[in-house]
Amino acid sequence: MEKGYIQVYTGNGKGKTTAAIGLCMRAFGAGLKISFIQFVKGRYTSEMKAFEELKIEFFQGGLPEFIIGKPEKKDIDAALKTLNLAREKVSSGKYDIVILDELNVAVYLGLISEKDVIDLLNSKSQNTEVVLTGRYATQKIMDMADLVTEMHEVKHYYTKGVGQRTGIEV
């Protein structure tokens, strides 16, 4: 690509990761080199099988248990390890697209700082498109972005007690 932009998918509605996966599939179809990195998440999701079969580079940096309350040292260490990997991928110039799934949530939870994300974005290779997903994107991160999409929940079956469904949410 001639120039890579910064995209942010945020908001309280469903579909941020799904949109990033869709972009990933489109980029794969166009022959682009992709790295998909998940912050916070550490459990199996169905897209992992597709990434493996298509040989799309994927790294999941969260721990299996959900973070409830204040993050523990092990959560922060996992996020920092993932951030270092992301920084390497974003700045290397070897990737057309690097997707940083749930990075905004990692900042919100205090696992990494907003400054760390801004530094990461400032280090990006000129040709690399970077996509950040997750609720709670900060204003500074949105200001740095070239594209910001906010998913807004209008209605969700979760409020009626429907849990996560394989192939739809996980």
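Colleague: So, the packing of helix 1 (residues 16-29) against helix 2 (residues 47-54): which residues are in play, and what are the values?
Modeller: Direction vectors running N to C along helix 1 and helix 2 enclose 15°, while the axes themselves pass 12 Å from each other. Here helix 1 is positioned roughly parallel relative to helix 2, judged by the angle of their axes. For the pair helix 1 and helix 2, the sense of crossing is left-handed. Only Glu47, Phe51 and Leu54 of helix 2 make contact with helix 1, whose side of the interface consists of Thr17, Ile21, Cys24, Met25 and Phe28. Across the contact of helix 1 with helix 2, the residue classes tally to six nonpolar, one polar and one charged.

Colleague: How would you summarise helix 3 (residues 73-92) if you had to cite specific residues and measurements?
Modeller: Given a rise of 1.5 Å per residue, 20 residues ought to cover 28 Å, and the 28 Å separating the end C-alpha atoms of helix 3 matches this to within 8%. Taken residue by residue, helix 3 has Asp75, Ala78, Ala79, Thr82, Leu83, Ala86, Lys89 and Val90 as its buried positions. On an axial view of helix 3, the arc spanned by its buried residues comes to 140°, and they lie on one face. Those residues of helix 3 that are exposed and aimed more than 90 degrees away from the buried face are Lys73 and Lys81. Structurally, helix 3 contributes buried residues whose contacts are with strand 2 (34-38), strand 3 (57-60), strand 4 (97-101), helix 5 (114-122) and strand 5 (129-133).

Colleague: Give me the sheet that holds strand 4: which residues, what numbers.
Modeller: Strands pair in a sheet through their backbones, by hydrogen bonds, and they do so in one of two ways: parallel or antiparallel. A sheet is described by the order of its strands in space; here six strands give the open sequence 3-2-4-5-1-6, paired in parallel fashion. Across the chains shown, the open sheet's two edge strands, defined by having one partner strand only, are strand 3 and strand 6 (147-150). Strand after strand, the sheet turns through a mean of 10° between neighbouring axes, direction not considered. Relative to strand 5, strand 1 (residues 6-10) is paired through four bridges, and the arrangement is parallel. By the bridge assignment for strand 5, valine 8 is matched with leucine 132.

Colleague: Describe in detail the nonpolar core, supporting the description with residues and values.
Modeller: Core analysis: the largest hydrophobic core is formed by 24 residues, its most contacted members being Phe39, Leu100, Ile112, Val117 and Leu132. Among the elements that make up this core, the one with the highest residue count is helix 3 (four residues). Residues contacting valine 117, with those up to four places away along its chain left out, are Leu103, Val107, Ile112, Leu132 and Ile141. Cys24, Ala27, Phe51 and Ile56 belong to the second largest nonpolar core, which has twelve residues in total.

Each value, and the rule that gives it
Residues numbered from 1 in each chain as written. Predicted model: local features only at pLDDT ≥ 70, side-chain atom pairs only at ≥ 80, totals over all residues. Heavy atoms only, no water. Axes fitted to C-alpha atoms, helices over the stretch in contact; angles between N-to-C directions. Helix = DSSP H or I, 4+ residues; strand = E, 2+ residues; numbered from the N terminus. Parallel < 35°, antiparallel > 145°, perpendicular 65-115°, else oblique. Left-handed = near helix turned anticlockwise from the far one by under 90°. Contact = heavy atoms within 4.5 Å. Nonpolar A, V, L, I, M, F, W, Y, C, P; charged D, E, K, R; others polar. Expected span 1.5 Å × (residues − 1). Buried < 20%, exposed > 50% of the residue type's maximum accessible area, 1.4 Å probe, protein only. Arc of directions from axis to C-beta. Pairing = 2+ DSSP bridges. Core = buried A, V, L, I, M, F, W, Y, C linked by side-chain atoms within 4.5 Å.

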